[in-house]
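Structural description and commentary
Here are the chains, one letter per residue:
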Amino acid sequence: MTLRVYDTRTREKRELSTLEEGKVSMYVCGITPYSPSHLGHARCYLSFDVVHRWLEASGYEVEYVQNFTDIDDKILDISDSEEVDFSVVANRNIDDYLEVMDAMNVLRADYYPRVTETIPEIIDMISALQEKGHAYVGDDGVYFEIDTAPEKFGQLTGQTLEMVRAGAGGRVADTGSGKRDHRDFALWKLAKQGEPSWESPWGKGRPGWHIECSAMSLNHFGEQFDIHGGGHDLRFPHHEAEIFQSECCTGTEPVVGYWMHNGFVNLDGEKMSKSLGNFWTIREAFENHDPLALRYALLSVPYRNPIDLTPEFLEEAATHFERLIVAYGKSLTSNDHSGSDLSGASERFTAAMDDDFNTRAAMIEIQAVVSSSSGSDVAAWLERHAGEVLGLLPSSEEIVAGLAQADSARAEVSDRVESLLGEREISRETKDWSRADEIRDELASMGVVVEDGPEGPTWHLE
RNA sequence: GCACGGGUGGCAGAGUAGCUAUGCAACGGACUGCAGAUCCGUGGACCCGGGUGCAAAUCCCGGCCCGUGCUCCA
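Below, the structure is looked at part by part. (Residues numbered from 1 in each chain as written. Chains lettered and ligands numbered in written order. Predicted model: local features only at pLDDT ≥ 70, side-chain atom pairs only at ≥ 80, totals over all residues. Heavy atoms only, no water.)

Concerning helix α4 (residues 119-131)
- Helix length check: α4, at 13 residues, gives a terminal C-alpha distance of 18 Å against a target of 18 Å (1.5 Å per residue), a fit within 8%.
- Structurally, α4 contributes buried residues whose contacts are with β5 (135-137), β6 (141-144), β7 (185-190), β8 (205-207), α7 (211-221) and α8 (235-250).
- A positive phi of about 80° marks G133, the residue just after α4. (Helix = DSSP H or I, 4+ residues; strand = E, 2+ residues; numbered from the N terminus. Expected span 1.5 Å × (residues − 1). Contact = heavy atoms within 4.5 Å.)

Observations regarding the sheet that holds strand β11 (residues 265-267)
- Spatially, β12-β11-β13 is the arrangement adopted by the three strands of the open sheet, whose pairing is mixed. One side of each edge strand has no neighbouring strand; the edge strands of this open sheet are β12 (270-271) and β13 (307-308). (Pairing = 2+ DSSP bridges.)

Focus on the environment of S419
- Note on placement: S419 falls in helix α15 (residues 396-429).
- Looking at S419, the relative accessible area reads 43%, which means it is partly exposed.
- A sequence separation of 32 residues divides S419 from G387, and the C-alpha atoms of the two residues are 40 Å apart. (Buried < 20%, exposed > 50% of the residue type's maximum accessible area, 1.4 Å probe, protein only.)

Describing a negative patch on the surface
- The grouping of E56, E61, E63 and D110 at the surface amounts to a negative patch.
- Its place among the elements puts E56 in helix α1 (residues 39-57). (Patch = residues over 30% accessible without salt bridge, like charges linked within 9 Å, V, L, I, M, F, W, Y side chains within 5 Å. Areas by Shrake-Rupley, 256 points an atom, 1.4 Å probe, with all protein chains shown as cover. Salt bridge = Lys/Arg side-chain N within 4 Å of Asp/Glu carboxyl O. Lys, Arg positive; Asp, Glu negative; His and termini not counted. Charge placed at Lys NZ, Arg CZ, Asp CG, Glu CD.)

A closer look at the layout of surface pockets
- For the second largest pocket, the calculated volume is near 1100 Å³.
- Taken together, 29 residues line the second largest pocket, and the ones lying closest to its centre are E322, I325, V326, L403 and A406.
- Mapped by element, the contributors of at least two residues to the lining of the second largest pocket are α10 (291-299), α11 (311-332), α15 and β15 (456-461).
- Grouping the amino acids of the lining of the second largest pocket by side-chain chemistry returns 14 nonpolar, seven polar and eight charged. (1 Å grid on protein atoms, 1.4 Å probe; cavity = no way out; pocket = protein on both sides within 12 Å on 5 of 7 lines; lining within 4 Å. Points joined across faces, edges and corners; volume = space filled by probe spheres on them. Nonpolar A, V, L, I, M, F, W, Y, C, P; charged D, E, K, R; others polar.)

Structure (structure tokens):
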């Protein structure tokens, strides 16, 4: 069984082959912390969390780097309006991000480099590009000159230089930037009055948006690394700019082995994004949804496909999640073996994950196991597959604590429930259905669900 | 407009030529006073039009539709 990964650049699923046997270097574009993260971000980092987990489960040693773009125009806009330092805004939103990710069982990356802590490396890289003739100094900053490496254009989007030239109209003049060609992009932006800035050979300023990722990946991994992830919208210009910067700087290509891009979260068929304003922050979603149920929902569609968030979609996921938790709890407290052979499910699960991380297919296997067996072996199976690999389970301690709490809650109302149930059974025996239903309603108002079975009624709290 | 991705049953989602995908939902039956749970079973799809094959959801051509990108964006 081999792991196949879809690569945006070559547009095919390829067997994963890494630079160093048994090791994977993975870089994922992180957030720009100018506002609280929304569900689109959740989907991205959840997707790559599963990539991270599955690679490790497959025996790879993974080095995972995710950046924070902690200085940028929008952060400055907000810090201006709040009259606080930009770092206040950035730190606040980074904390928010890490908190909600923790709540959704997202494992931490190994490094979270920040732009503001990578300035010397960025400056070195820009200097190298300038020396090699790929960068020039304009009125308001330093730019990468696309025409010095035109053959690198369009690797991730298939666009040609001409197309983009044609599409842009007279934007160069509009922006008043110091670019020679509108397809060139900023490496270093000179500071305007009052903006935070860092010293550089070109004057005080700050890095352009794309250069940080090139500098950070070079810094952590060297000239080449295995996987680069990010949202689908980053393919152009951001990731193509990275290819220009990294490969022109080092002369080594390709800089990235596999470009992975996750699909969007849509609301009413449209991309959820901050600029469109049609987003839910992750925290808002937590108000109505268990973080792990949300994780379940967002992983229940393969990472490259779009997800249309509808109430039905979220409900279905919540139902499955609930079943999983209940089944896990039941198996966890069982001393018996299920007597089932779970090897087929394991094989199909592995095949699904090996096929470009098809979490959907993998989760169907989990559903099948959940609905067909229970026992101590099932608990172990779920821990490995639903827990370690997909991160869908709370810790067994939490589950056990939850069960204990449920037990005590149950014990609290038990006497009252039993006496009502006894009364109801008498009513049922005398076919006094209206009285029986009345009692059931009364129990329901106490949060007690009654289920009549062949061996009499059973009840549980909900 | 151009580029990329995609259009499979109510929803999600496999399937790159021949054999029931699958899950949820729906429906029918069993069981039920009813409800619920459970069990058994059923129907239902390949955007349109051409083409190549003995055979096409699957390959080719032409349309149409949707999403994203071309501007900050996961």
